[in-house]
2 protein chains.
Amino acid sequence: MTKKILIVGGVAGGASAAARLRRLDEEAEIILFERGEFISFANCGLPYYIGGAIQERNKLLVQTPEAMHARFNIDIRVNSEVIGIDAKNNSVKVASETRGVYDETYDFLVLSPGAKAIRPKIPGIEHPGIFTLRNIPDTDNIKDFIERKLVKKAVVVGGGFVGVEVAENLTEKGIAVTIVEAAPHILAPFDSDMVTRAEKELQEHGIALVLGDSVTGFSDRNGIVEVALKSEKRLEADLIILAIGVTPDTGFIKDSGIELGPKGHIVVNDKLQTSINNIYAVGDAIETVDFVNGQKTTIPLAGPANKQGRIAADNICGIASTYKGTQGTSIIKIFSLTGACTGSNERTLANSGIPFHVIYVHPNAHAAYYPGAAPLSIKLIFDSEGKILGAQAFGYEGVDKRIDDIATVIRLRGTVTDLTELELAYAPPYSSAKDPVNMAGYVAENVLRGRMEVVLPRDMNTIDLNRVQLVDVRTEEEYKNGHIEGAVHIPVDSIRDRISEFSKDKEIWLYCKVGLRGYIAASVLSQKGYKVKNLTGGYESFMLANF
Amino acid sequence: MTKKILIVGGVAGGASAAARLRRLDEEAEIILFERGEFISFANCGLPYYIGGAIQERNKLLVQTPEAMHARFNIDIRVNSEVIGIDAKNNSVKVASETRGVYDETYDFLVLSPGAKAIRPKIPGIEHPGIFTLRNIPDTDNIKDFIERKLVKKAVVVGGGFVGVEVAENLTEKGIAVTIVEAAPHILAPFDSDMVTRAEKELQEHGIALVLGDSVTGFSDRNGIVEVALKSEKRLEADLIILAIGVTPDTGFIKDSGIELGPKGHIVVNDKLQTSINNIYAVGDAIETVDFVNGQKTTIPLAGPANKQGRIAADNICGIASTYKGTQGTSIIKIFSLTGACTGSNERTLANSGIPFHVIYVHPNAHAAYYPGAAPLSIKLIFDSEGKILGAQAFGYEGVDKRIDDIATVIRLRGTVTDLTELELAYAPPYSSAKDPVNMAGYVAENVLRGRMEVVLPRDMNTIDLNRVQLVDVRTEEEYKNGHIEGAVHIPVDSIRDRISEFSKDKEIWLYCKVGLRGYIAASVLSQKGYKVKNLTGGYESFMLANF
Ligand SMILES: Cc1cc2nc3c(=O)[nH]c(=O)nc-3n(C[C@H](O)[C@H](O)[C@H](O)COP(=O)(O)OP(=O)(O)OC[C@H]3O[C@@H](n4cnc5c(N)ncnc54)[C@H](O)[C@@H]3O)c2cc1C
Ligand SMILES: Cc1cc2nc3c(=O)[nH]c(=O)nc-3n(C[C@H](O)[C@H](O)[C@H](O)COP(=O)(O)OP(=O)(O)OC[C@H]3O[C@@H](n4cnc5c(N)ncnc54)[C@H](O)[C@@H]3O)c2cc1C
Ligand SMILES: CC(C)(COP(=O)(O)OP(=O)(O)OC[C@H]1O[C@@H](n2cnc3c(N)ncnc32)[C@H](O)[C@@H]1OP(=O)(O)O)[C@@H](O)C(=O)NCCC(=O)NCCS
Ligand SMILES: CC(C)(COP(=O)(O)OP(=O)(O)OC[C@H]1O[C@@H](n2cnc3c(N)ncnc32)[C@H](O)[C@@H]1OP(=O)(O)O)[C@@H](O)C(=O)NCCC(=O)NCCS
């Protein structure tokens, strides 16, 4: 018996499911409904088309309805919105631009409606200069508006991934951009002690950041949008991009009997089956499991959406395939800087009451003696058994590689000891004999084995110099160029000679530039009976945390 | 009781062991003997200093005896060769330039003498224009010779990693280079069907390759070296670099009672202990275990050497730490191309009688619609349980990242299914929603699950068109630009309409450019009852294998 399968949503999750379904079952009847005019477009490329890095619009169309039909024999119905599901009768209601409203029955239904940009009900939100960015028409509208209005100034509301990408791309077009972010820092998946690198990069490229402040209203002044902020500050701009997050596009599911989560996400099991057996759901619209901590989460990313589409197709075709959760691996280009992260950050873990350790390293992305070497910063978060909980990195080269390595170890439930043992590709242009990821593993292992007690950059804020001797072990030149308040200076290479200058009564906190010399000094002193701690990440992490 | 530890060899393994020993034990007496003038130098950087990418010679000196002493309080004795070991009396004999010959006792001994470049006894080998490259004096000599003699032409004997790096760097200096390699292809860790990409890149940069031929003798003609080859061909050059491999530098160990392997490598257990309890050995001089197949192997690489140095130090200081084997992860820059590999290649597996599967993919290194996208080629080798045995890759971007991901999965004993589930960092400048590594996993899984039967490029050489219908499913334009002999042309998008043109009697072999369209076509046909196989890697792999 041939199956009849309907798919709602024709982009990342939906189109992937459709293609896999056809490969698995040449006989099935497959109908794909897409509300918009386009399927299979490159959502992730939209900001770069606005900025001009991507020049040709049709490069964004990875597949067209015609091409997809020709290759996969799928009945693709664009401009067709599914407006209701009658799960009892296995049928959906479709509102089509050309065919009007009609019903279509199914044996299996795959839901991949994605999410829509949040447009909060604040005064003035309907101003024609205010846009969101989710699809091709949004992009066309923004591009067109920029050209028609000769936009010079823009405000991006929201400093998430999309907001920052848009800000970068508007800047590339010569537009002066301000980002307004309600939280104290942008890019929430990163902890605040790391994300300052991104903030610095944005500012260095002329982007103004308004942090810890939020928009209370918009108003018009001769076509220019005035933005009122909670702080009573006012901004003005020709163009506003709202990028304050997304909400699942599941309105049409509400009355279907399919279980939804508290924020409207579709609840699925690990086969991506909804509460109704023959209905599957994937992508931004679903609730999934946090791979690291096992809790429910919602992570709207293209990698998971595409993989889930394939897994749903497998299950419909009788191939046992499970989705084991999302770990939130993500990455962003910010001019020449790259930031990437995977797993949980401190905030998530603290909120969940999960105990963790933190270390920072700042090794060179490739051998120091080979041209172009520059440090990258890695923050590694792990538990007392050494299990890796998360990592964040920033740098100009090799950041993607290191986060991918760590993401891989997380997926395979590995530990910091596994990091030390990874045999990664080394030649001078690419890495060092001990790769930065090995190095992070060594440092973490030293913490776990009690070989190095660490203090964190934030501990410097509460340091009590009556009980702690703070020692800078860098060179004299480094110390003179700037040091932490209250630090005395004893270079690492003279600690053995000057050991009498260390306090026997106080705890000694050491720091150097990145943590390595501090660790070497700590090894000497602790073996001599001093009570020593080392500032992990050193002055570099201290400055990042206090940017 | 303070330990007295002697270390033989002051570079990758030896210096790493020394530093870690000191960090673990502030009281130990640590003496490091180095035969040469320099310690801790960047062996791996030497070719780039010759080529000029690295400009300052002292960048190659990662540590100096003085700096290392200041930091680690280690007694560093350069120009001091250990010429014998008296294991019964725990003492070594040292020949020092300044102190003459003397004995030094130890509680523990760490051997990291490395390897020396092979200089075969062939006629004329003593010609002053013939060099090997292992250390700083070698490098100085080569650089000096090039400048003094205004070298215009060079022959590099041996197409291994060092040979190819030297060839690249001499070319960068404007010298015309010929590589002579006895095997049919260069860079033995790669299989011949992949390494052709490297050979092409070298030729495109003007380097001549003489493959499957070997040097039988050298002679002088007015200061120019004439190279006689087995094929009777003759080459001439101002400069010859011998890079035909290394042999463990263990002559001084011969009479010590320490067990050596058949080729003079030191035999160690997983604590890196030799056959004598208080003597450890690390680096290029030891025999180690192949992490993938468990057999004995010798892999002279810096990553393993540095890690082993640390592990030996751990064990001496009572920290249980084991070395679990080397998987041969390595990488090479060849002008703008990168080649990297990890695990076993086909040759090794075939020699060991280990059965395996092979697939190729050629996905873009990052999203096709984002500027600069270019394909990389990955060959994945795995067993019938899905366990990954090895991988090789070539490309212009992101090759290091993909091989590191796969190397990580190999380390954690993962499978091709793990590859499909890796959640890697995706934004358009870095990757695709399904990363190339995920893609390799999918393709491999399809093979294992019997969803796609594949033929290999080499099978095209033995194709019997009486029994096989060979079908090119690419576009007409692609077909016209070149196709495999004997192929008929039916584009993938018309197979459903033209199904009657497929043979019911013959086996059908399909191919496209990279394997994807062939696979889609195969899915259709096999479900319709045709007996189909798909050329893995497509025309791209076919051309690579037949370069
Ligand atoms: C500007 C931008 C940049 C991004 N960059 C990245 C990035 O770099 N990396 C990354 O991993 N992710 C990125 N994402 C996120 C990624 O695009 C999404 O996670 C992914 O597209 C989700 O796939 P999906 O199938 O769930 O939803 P979508 O791809 O959004 O597809 C859903 C489709 O369903 C249609 N639809 C909705 N309801 C109905 C209905 N009732 N009837 C018919 N059709 C319906 C919608 O019109 C839409 O076309 C980005 C997103 C945006 C907007
Ligand atoms: C040109 C070149 C490029 C390379 N590129 C790479 C690369 O890109 N990636 C990579 O992973 N590996 C590379 N390698 C290999 C890497 O350098 C070695 O694997 C590594 O250095 C081995 O470390 P080791 O401590 O065993 O030996 P070495 O680093 O060679 O150190 C051994 C030292 O011991 C000394 N010694 C020997 N015998 C005695 C004795 N009896 N008494 C006192 N001293 C003694 C020697 O003088 C030598 O200095 C390269 C090697 C070369 C030569
Ligand atoms: C220079 C050399 C002696 C350094 O050895 P080393 O001190 O063990 O290595 P590194 O400088 O990389 O430092 C690693 C140590 O610093 C620690 N470390 C690194 N970054 C740190 C940080 N930010 N905070 C705290 N500790 C840090 C690591 O944990 C490790 O210590 P451990 O082994 O006690 O755990 C040795 O690598 C060498 O001789 N190299 C040149 C020769 C060579 O390798 N050639 C082949 C390649 S070209
Ligand atoms: C275009 C689109 C429909 C393609 O879906 P798809 O066919 O499943 O995906 P791909 O083209 O990547 O191909 C993957 C398939 O090809 C196979 N494949 C890839 N390379 C192969 C090769 N060299 N040889 C054989 N098979 C190969 C894989 O095994 C996989 O098949 P399987 O799922 O049956 O195992 C879908 O990805 C899409 O709509 N993308 C655009 C929207 C989007 O993702 N947006 C968010 C990111 S910007």
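Preceding block: the structure.
This is a predicted model, so every value here is computed, not measured. (Residues numbered from 1 in each chain as written. Chains lettered and ligands numbered in written order. Predicted model: local features only at pLDDT ≥ 70, side-chain atom pairs only at ≥ 80, totals over all residues. Heavy atoms only, no water.)

### A few points about the overall build of chain A
Right, so step 1: Scanning chain A for helices and strands turns up 14 helices and 31 strands.
Right, so step 2: For 547 residues, the compact-globule formula gives about 24 Å, and the C-alpha radius of gyration of chain A, at 27 Å, lands near that figure.
Right, so step 3: In terms of principal-axis extent, the alpha carbons of chain A reach across some 90 × 60 × 45 Å.
Right, so step 4: Residues counted as buried form 62% of the 547 residues belonging to chain A.
Right, so step 5: Of the roughly 20700 Å² of accessible surface on chain A, 49% is carried by carbon and sulfur atoms.
Right, so step 6: In chain A, 60 positive and 69 negative side-chain charges are present, and the distance between their average locations comes to 1 Å. (Helix = DSSP H or I, 4+ residues; strand = E, 2+ residues; numbered from the N terminus. Rg over C-alpha atoms; globule rule 2.2 N^0.38 Å. Buried < 20%, exposed > 50% of the residue type's maximum accessible area, 1.4 Å probe, protein only. Areas by Shrake-Rupley, 256 points an atom, 1.4 Å probe, with all protein chains shown as cover. Lys, Arg positive; Asp, Glu negative; His and termini not counted. Charge placed at Lys NZ, Arg CZ, Asp CG, Glu CD.)

### Quick word on the side chain of threonine 408 of chain B
Right, so step 1: With respect to the helices and strands, threonine 408 of chain B occurs in helix α9 (residues 399-411).
Right, so step 2: When its relative accessible area of 0% is taken as the criterion, threonine 408 of chain B is described as buried.
Right, so step 3: Within the structure, the side chain of threonine 408 of chain B is placed 2.7 Å from the backbone oxygen of aspartate 404 of chain B, a separation counted as a polar contact.
Right, so step 4: Setting aside residues up to four positions removed in sequence, threonine 408 of chain B forms contacts with Asp405, Thr408, Val409, Leu422 and Leu424 of chain A. (Polar contact = N/O pair within 3.5 Å; in protein donor to acceptor, adjacent residues only side chain to side chain. Contact = heavy atoms within 4.5 Å.)

### Let's talk about the relation of the copies chain B and chain A
Right, so step 1: Of the transformation superimposing chain B on chain A, the axial component is 0.0 Å and the angular component is 180°, with the fit at an RMSD of 0.0 Å. Look at the turn and shift together and you get a two-fold axis relating the two. The position closest to the rotation axis in chain B is occupied by the C-alpha of lysine 401 of chain B, lying 2.5 Å away.
Right, so step 2: Here 100% of the interface residues in chain B have copies in chain A that are interface residues too; the copies meet face to matching face. (Least-squares fit on C-alpha atoms with pLDDT ≥ 70 in both.)

### Let's talk about the sheet that holds strand β7 (residues 108-111) of chain A
All names here are of chain A.
Right, so step 1: Read across the sheet, five strands follow the order β3-β2-β1-β7-β19 without closing on themselves; strand pairing throughout is parallel. Either end of the sheet is taken by a strand with one partner, and the two such strands are β3 (75-77) and β19 (279-281). Neighbour to neighbour, the strand axes of the sheet diverge by 15° on average, direction disregarded.
Right, so step 2: In the packing of helix α1 (residues 12-24) onto the sheet, the strands contacted are β1 (4-8), β2 (29-33) and β7, and the crossing angle to β2 comes to about 170°.
Right, so step 3: Packed on one face of the sheet, helix α7 (residues 302-316) meets β1, β7 and β19 and runs near 160° to β19. (Pairing = 2+ DSSP bridges. Axes fitted to C-alpha atoms, helices over the stretch in contact; angles between N-to-C directions.)

### A short note on the environment of arginine 451 of chain B
Right, so step 1: Within the element layout of this structure, arginine 451 of chain B appears in the loop between α11 (436-448) and β27 (454-455).
Right, so step 2: Distance from arginine 451 of chain B to aspartate 400 of chain B, taken between C-alpha atoms, is 30 Å for residues 51 residues apart in sequence.
Right, so step 3: The contact partners of arginine 451 of chain B, leaving out residues within four places of it in the chain, are Arg20, Arg23, Leu24 and Ile319 of chain A together with Asn446, Tyr519 and Ser523 of chain B.

### A word on the interface of chain B and chain A
Right, so step 1: If you look at the interface, chain B gives 85 residues, while chain A gives 85 residues.
Right, so step 2: Taken together, both faces of the contact between chain B and chain A bury some 7500 Å²; the carbon and sulfur share is 54%.
Right, so step 3: When the area that chain B buries against chain A is broken down by residue, the three leading residues are Arg71, Tyr369 and Glu423 of chain B, summing to 11%.
Right, so step 4: Across the contact surface, chain B and chain A share 12 salt bridges. (Buried area = accessible area lost by both parts, 1.4 Å probe. Salt bridge = Lys/Arg side-chain N within 4 Å of Asp/Glu carboxyl O.)

### Re the site of ligand 1
Right, so step 1: Lining the immediate environment of ligand 1, one finds 32 residues, of which Gly13, Glu34, Ser112, Arg134 and Asp284 of chain A sit closest.
Right, so step 2: Residues near ligand 1 are shared among chains A and B, making this a multi-chain site.
Right, so step 3: One nitrogen or oxygen atom from the main chain of arginine 35 of chain A is found 3.0 Å from a nitrogen atom belonging to ligand 1.
Right, so step 4: Measuring from an oxygen atom of ligand 1, one finds a backbone N or O atom of proline 113 of chain A at 3.5 Å. (Near = heavy atom within 4 Å.)

### A few points about the packing of aromatic side chains
Note on aromatic pairs: each is described by the distance of the centres and the angle between the planes.
Residue and element names in this part refer to chain A.
Right, so step 1: If you walk through the whole model with that rule in mind, you get 14 aromatic pairs over all chains.
Right, so step 2: Between the aromatic rings of phenylalanine 502 and tyrosine 530, the centroid separation amounts to 6.3 Å while the plane-to-plane angle is 70°, which identifies the pairing as edge-to-face. Taken together, the residues span a long stretch of sequence, with phenylalanine 502 in the loop between β29 (488-489) and β30 (507-511) and tyrosine 530 in the loop between α13 (516-527) and β31 (532-535) at a distance of 28 residues.
Right, so step 3: Classification of tyrosine 530 by relative accessible area gives buried; the value is 11%.
Right, so step 4: Ring pairing ties together the aromatic residues Phe161, Phe190 and Phe394, which thus form one cluster. (Phe/Tyr/Trp six-rings, centres within 6.5 Å; stacked < 30°, edge-to-face > 60°.)

### Here we look at the site of ligand 4
Right, so step 1: Residues in close proximity to ligand 4 total 30 residues, the closest being Arg20, Arg23, Ser40 and Arg310 of chain A together with Tyr519 of chain B.
Right, so step 2: Of the chains in the model, those with residues near ligand 4 are chains A and B.
Right, so step 3: In this structure, an oxygen atom belonging to ligand 4 sits 3.3 Å away from a side-chain N or O atom of asparagine 306 of chain A.
Right, so step 4: Contributing elements (two or more residues each) for the shell around ligand 4: α1 and α7 of chain A together with β24 (357-361), α11 and α13 (516-527) of chain B.
Right, so step 5: Considering every element that reaches the shell around ligand 4, the biggest residue donor is α1 of chain A, with six residues.
Right, so step 6: Looking at the shell around ligand 4, its residues break down into 19 nonpolar, seven polar and four charged. (Nonpolar A, V, L, I, M, F, W, Y, C, P; charged D, E, K, R; others polar.)

### Details of the nonpolar core
Right, so step 1: Within the largest apolar cluster, 182 residues are counted, with the highest numbers of intra-cluster contacts made by Leu170, Leu187 and Leu380 of chain A together with Leu170, Leu187 and Leu380 of chain B.
Right, so step 2: In contact with leucine 170 of chain A, other than residues within four places in its own chain, are Ile50, Ile146, Ala154, Val156, Ile175, Val177, Leu239 and Ile241 of chain A.
Right, so step 3: Counting residues in each nonpolar core, the second largest holds 65 residues, with Val473 of chain A together with Ile266, Ile276 and Tyr323 of chain B among its members. (Core = buried A, V, L, I, M, F, W, Y, C linked by side-chain atoms within 4.5 Å.)

### Focus on the pattern of salt bridges
Right, so step 1: One pass over the full model with this rule turns up 74 salt bridges over all chains.
Right, so step 2: Between lysine 528 of chain B and glutamate 27 of chain A there is a salt bridge, with its nearest N and O atoms 3.5 Å apart. Residue lysine 528 of chain B is found in the loop between α13 and β31 (532-535), and its partner glutamate 27 of chain A is found in the loop between α1 and β2; the two belong to separate chains.
Right, so step 3: Put simply, lysine 116 of chain B and aspartate 249 of chain B hold a salt bridge, and the shortest N to O gap is 3.8 Å. Pair noted here: lysine 116 of chain B is in strand β8 (residues 115-117) and aspartate 249 of chain B is in the loop between β17 (246-248) and β18 (266-267), with a separation of 133 residues, a long-range link.
Right, so step 4: Accessibility expressed as a relative area gives 39% for lysine 116 of chain B, which makes it partly exposed.
Right, so step 5: Each of the salt bridges in this network shares a partner with another, and the network as a whole consists of Asp191, Asp193, Glu346, Lys379 and Arg458 of chain A.

### A short note on α13 of chain B
Residues and elements named next belong to chain B.
Right, so step 1: The end-to-end C-alpha distance of α13, which contains 12 residues, comes to 17 Å, matching closely the 16 Å that a straight helix rising 1.5 Å per residue would cover.
Right, so step 2: Among the residues of α13, those classed as buried are Arg517, Gly518, Tyr519, Ile520, Ala521, Ala522, Ser523, Val524 and Leu525.
Right, so step 3: Two residues or fewer after α13 comes glycine 529, characterised by a positive phi angle close to 95°. (Expected span 1.5 Å × (residues − 1).)

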